[in-house]
Structure formats: C-alpha cells, structure tokens
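In case you want the letters, here they are:
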Amino acid sequence: MNPRTTLLPTLGLLAMTAVWGSTFVLIKDVVARMPVADFLAVRFAVAALAMLALFPRHVWRLGRTGVARGLALGVIYGCGQLLQTWGLALISPSVSGFATGMYVVFTPILATLLLGQRMAGVVWFAVGLATAGLALLSLNGVSVDAGVWLTLASAVLYALHIVLLGQWSRPDVAFGLTALQMVAIALVCLLATWPHGGPMLPPDRAAWLAVLYMGLVAGAGAILVQTWAQAHLPATRAAIVMTTEPVFAAAFAVALGSDALTWRMLAGGALVLGAMYLVELMPRRSAALGAEAAHHEV
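Given the structure is predicted, the values throughout are model-derived calculations rather than measurements. (Residues numbered from 1 in each chain as written. Predicted model: local features only at pLDDT ≥ 70, side-chain atom pairs only at ≥ 80, totals over all residues. Heavy atoms only, no water.)

Quick look at the packing of aromatic side chains now. The relation between two aromatic rings is expressed through the spacing of the ring centres and the mutual angle of the planes. Within this structure, the stated rule accounts for 2 aromatic pairs. For the pair Phe 55 and Phe 175, a centre-to-centre distance of 4.4 Å together with 35 degrees between the ring planes defines the contact as tilted. Residue Phe 55 is found in the loop between α3 (36–54) and α4 (56–60), and its partner Phe 175 is found in helix α10 (residues 174–192); the two are separated by 120 residues along the sequence. A relative accessible area of 31% means that Phe 175 is categorised as partly exposed. The interplanar angle of 50 degrees and the centroid separation of 5.3 Å between the aromatic rings of Tyr 77 and Tyr 158 together place this pair among those described as tilted. Taken together, the residues Tyr 77 in helix α5 (residues 63–88) and Tyr 158 in helix α9 (residues 146–168) connect sequence positions 81 residues apart. Neither Tyr 77 nor Tyr 158 differs from the other in exposure class; each is buried. (Phe/Tyr/Trp six-rings, centres within 6.5 Å; stacked < 30°, edge-to-face > 60°. Helix = DSSP H or I, 4+ residues; strand = E, 2+ residues; numbered from the N terminus. Buried < 20%, exposed > 50% of the residue type's maximum accessible area, 1.4 Å probe, protein only.)

Right, dumping it as structure tokens:
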C-alpha cells in the first residue's frame, strides 16, 4: 500500500474523530431533555433526507448487492448508536469515551475471526498502546454497571461496522453507501420510538441546533468521510486512527474551560498518538524496505 495514497484518508479520519470528540457534551445535554431513541431518530432522519436529496443517482447506481450492504451497515451502526447513547445516559462522558473506544480491540479480533486476517505483532502492540491511552484519558476508577455493558456492546457493533465497511467500501460507492446507511440508521431509531408513539421533536432552539449539527456534520458528513477513507485503509488501522476521538474530546473540554489539563490527559493522549504513529509508520517502512530490496537486486 502506497503511503502517499493513505495520508489523505488518515487526515480525513482525524478530522472526523475531531468532530465526534466535540459531540459528547452536546449529546449528554440533549438526551437529558428528550428520550435517547427520539434524539437519534430525528438526528439521522435529518441526515438521511439530506443525503438522499444530494446523492440520489449514487444510490441508484449501487445495485442490489450495494443496497443490501448499505442497509446492513446502517442497521449495525444504528443499533450501536442506540446502545451507546442509552449507556451514555447512565455513565459519565469520559467513561463512555473509553468503553466506546474499545472497538480498537474488538476490530482486529473480529477481522481475525470473520475474515481470517493475520495481524502483525506491531498492530497488536499499537492496539495495546491505544487501549492504555484510552484508559488514562477516560478512567479514574469505574464500576462496571449497566451503562458500561451497553457501551461495550455498542463498541462490538462499531468494530463489526468498521470491519465490514473495510471489505465493502470503494471510492466510487462512498456517497450511495453513506446515504443508505443514514436511511437504515434512521429507520432503526424510528422503530425504537414506536412503543411511545413516535419520535418527540427537540424541545427548543438550542436542542434543534445540536441535533442538526450532529445529524449533518457528525452524522452524514462523518460517515461519508469514514466510508471513503476505509476504501483506502485496512480496518484495524482505521480503528486505531479513530481512537483519537477521546483525545479531541479532552482537548475540547480543556479549551472550553470545562476540564483542567492533567498529566493523565497528556500521557493518555501521547499513548494514543504513539499507537497511531506506529500504524502510520508500518506502510512507510514496508515501502522503504521494498525499495531497498529492489535496489540491492539491481
């Protein structure tokens, strides 16, 4: 894999995780004022309508297989969103960030079990570094209660989404695949509101602005970037890059004055960035070794 062709997708994933890192406090505030499933249903309905309006031809070109894949990915991600947001209503944003970030561990495990992919030792080392960094960033004593279990279950679904997206995504189907994922996520969340008669709308202007931002930017926009980026990156590598989300979350918290900068933030952030550097360095070293071997053969 050419390192030059992976730089832009990696930067795209970093931008996406920065956006996601900005949403933890927003979500916590909104779900305190409206039911979780209702918030997600409105958020992803907005995202789905926007994507279908912008990219109808891309959806049409997918064919039956592409449509089935897009819907399957959306159902998996939608169930993950429900579990994560239900969990976030029961635990702190920092603990939720750690438990969600455990998809970095589940992704290589699922890739090995489902696809038979063999992971290099340095990949597992990077996974360990990222997990340690997540723990330092997020945990300061935690009891494993229902909220944590719900969030860990969502992390398994996110890992499955990452693995399958890595298998099915190509640059030419990114727009259509994203649109169908938004439709499926919205339908899953709308079904979850069925027991109480359908979704409640955001209660005020601030909630609407938060829902629109999380639907259009942190929803449709972020999944579009992920879908395109994973057409160029291995699933485990993408997962490790995406663990920078709590680093950005901590940075936003410090910048906005809601948290003070601590040694745990610095050390945890350094470990996560070190893990990302390792997976970024691997293809460059492989390319350099290949070039050196070719030189010696001449």
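Having seen the structure, we can now continue with the description.
Bringing the nonpolar core into the picture now. Membership of the largest hydrophobic core comes to 80 residues, with the highest contact counts inside it found for Leu 13, Trp 20, Phe 39, Phe 44, Tyr 103, Met 182 and Met 242. If one sorts the elements of this core by residue count, α3 sits on top with 10 residues. Each residue touching Met 182, except ones within four places of it in the same chain, is listed here: Phe 44, Ala 47, Ala 48, Met 51, Gly 219, Ala 220 and Ile 223. Within the second largest apolar cluster, 5 residues are counted, among which are Leu 137, Ala 250, Met 265 and Val 272. (Core = buried A, V, L, I, M, F, W, Y, C linked by side-chain atoms within 4.5 Å. Contact = heavy atoms within 4.5 Å.)

Below, the discussion takes up the confidence of the model for the protein. Here the protein averages 83 in pLDDT, and 88% of its residues register 70 or above. Taken element by element, the predicted model of the protein shows its lowest mean pLDDT in helix α14 (residues 263–297) (61) and its highest in α10 (94). (pLDDT = per-residue confidence, 0-100.)

What follows covers the packing of helix α7 (residues 103–115) against helix α12 (residues 235–242). Two measures define how a pair of helices packs: the angle their axes make with one another and the distance between the axes. Where α7 contacts α12, the two axes come as close as 9 Å, and the packing angle between them is 180 degrees. With respect to α12, the axis of α7 lies roughly antiparallel. Between α7 and α12, the contacting residues are Tyr 103, Val 104, Thr 107 and Pro 108 on the first element and Ala 235, Thr 236, Ala 239, Ile 240 and Met 242 on the second. Looking at the contact of α7 with α12 residue by residue, the classes come out as 7 nonpolar, 2 polar and no charged. (Axes fitted to C-alpha atoms, helices over the stretch in contact; angles between N-to-C directions. Parallel < 35°, antiparallel > 145°, perpendicular 65-115°, else oblique. Nonpolar A, V, L, I, M, F, W, Y, C, P; charged D, E, K, R; others polar.)

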